[in-house]
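Residues per chain, in single letters:
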Amino acid sequence: MFSKEESRRLREEFWTSFGKSFPRKWVLYDTKLKGFSFKFHFDNRTALVALDLEDDLEHRIKYWEKLVALKSILLDDYLPEATYDEEYFLENKKEISRIYVRLEQKVSIHNKNSWQDVMVFFNLHMSLFEAFFEEYKEVIEG
């Protein structure tokens, strides 16, 4: 078991290492679309990259319909293992819509031996997510 402080330090060390290993500016929250963001997630059990729709229901539905229309393109040309989840519940019970790709191996942010695999996974899959977004941003906005 790790203390809260040890856990915090390891998390900080991971994200610092990731930034140094793959130095680039990610889109993440800077999509220019309200409630539309990309996220990295890494905890004690799983790692994933996600596209989250977190705004009011009207915006979520608008963007979700566009993303569903583009689903075959995303799956065929970018991320074949992506999961579409219209009603995804965060740990805090907040409902969002999410498209995500989970790393299909056992990992933990507390285990430095899994960090390199996660970093490579994050870099590859988020780059593909962002390439899809850049190519189809106008369609999604429209």
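Heads up: the structure comes first, above all this text.
Residues numbered from 1 in each chain as written. Predicted model: local features only at pLDDT ≥ 70, side-chain atom pairs only at ≥ 80, totals over all residues. Heavy atoms only, no water.

Here the focus is the pattern of salt bridges. Oppositely charged side chains can pair when the atoms bearing their charge come close. Applying the stated rule across the entire model yields 12 salt bridges. A salt bridge links aspartate 30 to lysine 32, with the nearest nitrogen and oxygen atoms 2.6 Å apart. Lysine 32 sits in the exposed class, given a relative accessible area of 61%. Between lysine 39 and aspartate 52 there is a salt bridge, with its nearest N and O atoms 3.4 Å apart. Here lysine 39, found in strand S1 (residues 36-42), pairs with aspartate 52, found in strand S2 (residues 47-53); they are 13 residues apart in sequence, far enough to count as distant. Here lysine 39 matches aspartate 52 in class, with each residue buried. Linked by salt bridges that have partners in common, Lys39, Asp52, Glu54, Lys94 and Arg98 make up one network. (Salt bridge = Lys/Arg side-chain N within 4 Å of Asp/Glu carboxyl O. Buried < 20%, exposed > 50% of the residue type's maximum accessible area, 1.4 Å probe, protein only. Helix = DSSP H or I, 4+ residues; strand = E, 2+ residues; numbered from the N terminus.)

Moving on, we come to unusual backbone geometry. Despite not being glycine, leucine 28 has its phi angle at roughly 45 degrees, a positive value. The partly exposed category is assigned to leucine 28, whose relative accessible area is 22%. Non-glycine residue lysine 93 carries a positive phi angle of around 75 degrees.

Attention now goes to the sheet that holds strand S4 (residues 95-102). Across the sheet, four strands lie side by side as S1-S2-S4-S3; this open sheet has antiparallel pairing. Among the strands making up the open sheet, the edge pair consists of S1 and strand S3 (83-89). If you compare each strand with its neighbour and ignore which way they point, the axes differ by 30 degrees on average. With seven bridges joining them, S1 and S2 adopt antiparallel strand pairing. Among the inter-strand pairings, lysine 39 is bridged to a residue of S2, identified as alanine 50. Strands in contact with helix H2 (residues 57-69) are S1, S2, S3 and S4; relative to S4, the strand with the most contacts, it is inclined by about 30 degrees. Contacts between helix H4 (residues 115-141) and the sheet are confined to S1, S2 and S4, with S2 contributing the most and set at about 20 degrees to the helix. (Pairing = 2+ DSSP bridges. Axes fitted to C-alpha atoms, helices over the stretch in contact; angles between N-to-C directions. Contact = heavy atoms within 4.5 Å.)

The next thing to look at is the packing of aromatic side chains. All chains considered together, the criterion is met by 25 aromatic pairs. Relative to tryptophan 115, the ring of phenylalanine 14 lies with its centre 5.5 Å away and its plane at 75 degrees, an arrangement referred to as edge-to-face. One end of the pair, phenylalanine 14, is in helix H1 (residues 4-21); the other, tryptophan 115, is in helix H4, and 101 residues separate them in sequence. Judged on exposure class, the residue phenylalanine 14 and its partner tryptophan 115 are both buried. Here the aromatic rings of tyrosine 78 and phenylalanine 132 are separated by 5.5 Å at their centres, their planes lie at 70 degrees, and the arrangement is edge-to-face. In this pair, tyrosine 78 sits in helix H3 (residues 71-78) while phenylalanine 132 sits in helix H4, placing the two residues 54 residues apart along the sequence. (Phe/Tyr/Trp six-rings, centres within 6.5 Å; stacked < 30°, edge-to-face > 60°.)

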